[in-house]
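# Notes for the structure review
So you can see what is in the structure, the chains are spelled out below.
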Amino acid sequence: MTSQTHRPATQIGPVPDDLESARAKLVYIYLEASGGATADELGAFLSMKQINILSVLNSLSNNGYVEQSGSEYVVAN
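Described in the following lines is the structure provided in the data block. Just so it is clear, the structure is predicted and the values come from calculations on it, not from any experiment.

### Here's the deal with the overall build of the protein chain
For the protein chain, the count of helices and strands is three helices and three strands. Secondary structure elements in the protein chain, listed N-terminal to C-terminal, are α-β-α-α-β-β. A buried classification covers 31% of the 77 residues belonging to the protein chain. By sequence separation, contacts in the protein chain at least 24 residues apart represent 42% of the contacts at least 6 residues apart. Working note: accessible area of the protein chain is about 5600 Å², and carbon and sulfur atoms make up 48% of it.

Following this line, the structure appears as structure tokens:
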């Protein structure tokens, strides 16, 4: 029998109330939990098409929820 080690839970804040799109919520939560990701990483991990990822990131960025840091997107402070 193998023992499992438990990592401490990552504390993430609530999703902004005005995010209505399920995709936007999913991308936002992933970015907050992971600390940031590239558009390619988001597409691969979330199984979303690149055009959808870029559309969501553009919307989140325009509304001030995420910002681009180099090639990564991160939740805005």
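### Focus on the pairing of strand 2 (residues 66–69)
With four bridges joining them, strand 2 and strand 3 (residues 72–75) adopt antiparallel strand pairing. Pairing of Gln68 across the sheet is with Tyr73, part of strand 3. The turn joining strand 2 and strand 3, which pair antiparallel and follow one another in sequence, is formed by two residues; a positive phi near 70° is taken by Gly70.

### Quick look at the pairing of strand 3
Pairing of strand 1 (residues 37–38) with strand 3, which is carried by two bridges, proceeds in the antiparallel orientation. Bridging across to strand 3, Ala37 finds its partner in Tyr73.

Reading guide: rules and limits
Residues numbered from 1 in each chain as written. Predicted model: local features only at pLDDT ≥ 70, side-chain atom pairs only at ≥ 80, totals over all residues. Heavy atoms only, no water. Helix = DSSP H or I, 4+ residues; strand = E, 2+ residues; numbered from the N terminus. Buried < 20%, exposed > 50% of the residue type's maximum accessible area, 1.4 Å probe, protein only. Contact = heavy atoms within 4.5 Å. Areas by Shrake-Rupley, 256 points an atom, 1.4 Å probe, with all protein chains shown as cover. Pairing = 2+ DSSP bridges.

Without other data, these values stay purely geometric and don't point to any function.
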